[in-house]
Amino acid sequence: MIDSTAEWTALRAEADDQLNKTLRQRFADNPGRARDLSIEVDGLHADLSKHLIEASTVDALVALANAAGLSEKIDAMYSGEHINSTEDRAVLHTALRLPIDATLVVDGQDTVADVHAVLEHMASFANDVRSGAWTGHTGQRITTVVNIGIGGSDLGPFMAYRALEAFRHESIECRYVSNVDGTHLHQALTGIDPATTLFIVASKTFTTLETLSNAKSARAWLLDGLGGDESAIAKHFVALSTNAEGVAAFGIDTANMFEFWDWVGGRYSMDAAIGLSLMLAVGPDNFMDMLSGFHAMDTHFRTAPIEQNLPAMLGLIGVFYRNFFDWPTHAVLPYCQLLDRFPAYLQQLDMESNGKQTTIDGEAVSYDTGAVVWGEPGTNGQHAFYQLIHQGTTPVPCDFIGFYEPDFPAVDHHDALIANLFAQAEALAMGKTADEVRAEGVDESLVSHKTFPGNRPSTMLMAPRLTPFVLGQLVSLYEHRTFTQGVIWGVNSFDQWGVELGKILAKAIIPELESSSTELTHDSSTNALIERYRAHHNR
Ligand code: F6P
């Protein structure tokens, strides 16, 4: 296992060295530190200089990556090897953004041709809906799109729809329904007209309880609103799935299905057909620009040497803090309101991928894996949880994300926003010593309260503007950061067995809630909870 290698052991000593040196000292020692520890990828600037690293750390992390075979594993992923071994699948989200003139034959199939055929199908549908050529059952144009999906079939398109608001068609609104809590669908349907609503049922497997329940209720709502004519379904329901049989069984014509493939993981699918709602909102050209951004970062990840490889370095630095400093969480803090769902999106991407206690070979890991990912946009977070980030007992490595230009210049507070962004990273890194506090004349009883430890690391990611291309770069960056960490930890980042048990138990409990005739055989706590629920409903 990786923790028995010499490279892992070397990092222990490296971590001890780095913990003892402050960021203040590092910047004083090397005025060129920001320049030396920055990476630029196609206009995306990453300043890594506020990390607890030196050239020796970079060397030691690169050595660890080599010991784990990172470069070989990148090649194996990109070339379509079945690296998702527990499900015997290739992992080819990078093929979703290959240009049309690329070639990639995997398992005898021309993936580039398949991908672009679906993209064309999506684009032609999106153009028809956007132009009004596609109408609903009563002949009216579509003005509301309701995406019904959960997890990877919701978080990515929802995040991107919000992120690219500045690029949206002015008369198409998308709404996203994921939770099986009926309130979610109720809210989404409130105030909209069935005659002008298109439902997208997004589910890789087309077996997901939440999605099928919501889709069934949406179908009933539509038929109710349009006089019960079943032929209306074809004009108001489309499906995004790998499961044509399931789509047909649900009653959606497979001519209205946009397919993807089992080599696209759910949490890696927002750039596949799962992104249809986004394409409807921003149009095919912007969607293709986003794919170009993904591809640019994919190319960088595949070709740049590890020490200059942004996703690899961010992944390795994350491992450094998780395993050698024992810091369990990682915050993502976009200074951009339109990225408000980005942390939630990353939670699934990272935690469903690397929250594993077993190596890919089935052995129990002897070290920590996946960090808890969390965050909120700045400046809101500053007035909520930043207190803990600045003065709490456990440091939280942070990713700050900012843009030189605002999304909507009509209300321009951008200098204030960016000043806060830079100030937070500076405050975390440099802190404020007790002497500095005293020098301000602060009463001695308050000195310790007003002291900031500093030395709290962060990455600063900056791009000119949040465009479709930049969004693609950012998502791909985090996909590959996640991959890098999975390789170091030796886990399969592409399965998610840990979500299964709860699903199975829930399926068993539904009939037990509905009828008191079923004998309860759970633990006494679960039995009592079920009985209380039944009693409340007089069952
Ligand atoms: O429950 C987890 C999960 O399987 C995710 O991995 C996936 O993104 C989500 O459920 C939704 O699955 P589907 O797209 O098949 O409905």
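Located above this text is the structure these notes cover.
I will try to describe carefully the structure that is included in this document.

With that out of the way, let us pick up the nonpolar core. If you look at soluble globular proteins, the nonpolar side chains tend to sit buried side by side. Ranked by internal contacts, the top residues of the largest apolar core, which has 127 residues, are Leu 310, Leu 339, Phe 342 and Leu 471. For this core, the element with the highest residue contribution is helix H12 (residues 276–303), accounting for 12 residues.

Considering the arrangement of structural elements, one finds Arg 302 in helix H12. Overall, the relative accessible area of 39% leaves Arg 302 in the partly exposed class. Note: C-alpha distance between Arg 302 and Phe 403 (101 residues apart in sequence) is 26 Å. Excluding anything up to four places from it in sequence, Arg 302 contacts Ile 74, Asp 75 and Tyr 78. Looking at Arg 302, its side chain comes within polar contact range of the side chain of Asp 75, at 3.4 Å.

We now examine unusual backbone geometry. Residue Thr 379 is bonded to the preceding Gly 378 through a cis peptide linkage, with omega at 10 degrees. Along the chain, the position of Thr 379 falls in the loop between strand S11 (372–374) and helix H15 (386–391). If you check the backbone angles, Asp 88 has positive phi at about 50 degrees while not being a glycine. Along the chain, the position of Asp 88 falls in the loop between helix H5 (70–78) and strand S3 (105–106). Overall, Asp 88 belongs to the exposed group, its relative accessible area being 54%. One non-glycine residue, Asn 455, adopts positive backbone phi at about 65 degrees.

So, about H5. Those residues of H5 not exposed but buried are Leu 70, Ile 74, Ala 76, Met 77 and Tyr 78. In the segment just after H5, Gly 80 is the residue with positive phi, at about 90 degrees.

Its location among the elements puts Thr 144 in strand S5 (residues 144–148). Once residues within four sequence positions are removed from consideration, Thr 144 is found in contact with Glu 173, Arg 175, Ile 192, Thr 196, Thr 197 and Leu 198.

This paragraph deals with the pairing of strand S13 (residues 458–463). When a strand is regular, its side chains alternate between the sheet's two faces. For S13, the buried fraction is high: 6 of the 6 residues fall into the buried class. The two faces of S13 match: Ser 458, Met 460 and Met 462 on one face and Thr 459, Leu 461 and Ala 463 on the other face are all buried. Here 3 bridges tie strand S2 (residues 44–47) to S13, and the two strands are oriented antiparallel to one another. Paired with His 45 across the two strands is Met 462, which belongs to S13. Pairing of strand S12 (residues 398–403) with S13, which is carried by 6 bridges, proceeds in the parallel orientation. Bridging from a neighbouring strand, Gly 402 pairs with Met 462 of S13.

The rules behind each value
Residues numbered from 1 in each chain as written. Predicted model: local features only at pLDDT ≥ 70, side-chain atom pairs only at ≥ 80, totals over all residues. Heavy atoms only, no water. Core = buried A, V, L, I, M, F, W, Y, C linked by side-chain atoms within 4.5 Å. Buried < 20%, exposed > 50% of the residue type's maximum accessible area, 1.4 Å probe, protein only. Helix = DSSP H or I, 4+ residues; strand = E, 2+ residues; numbered from the N terminus. Contact = heavy atoms within 4.5 Å. Polar contact = N/O pair within 3.5 Å; in protein donor to acceptor, adjacent residues only side chain to side chain. Pairing = 2+ DSSP bridges.

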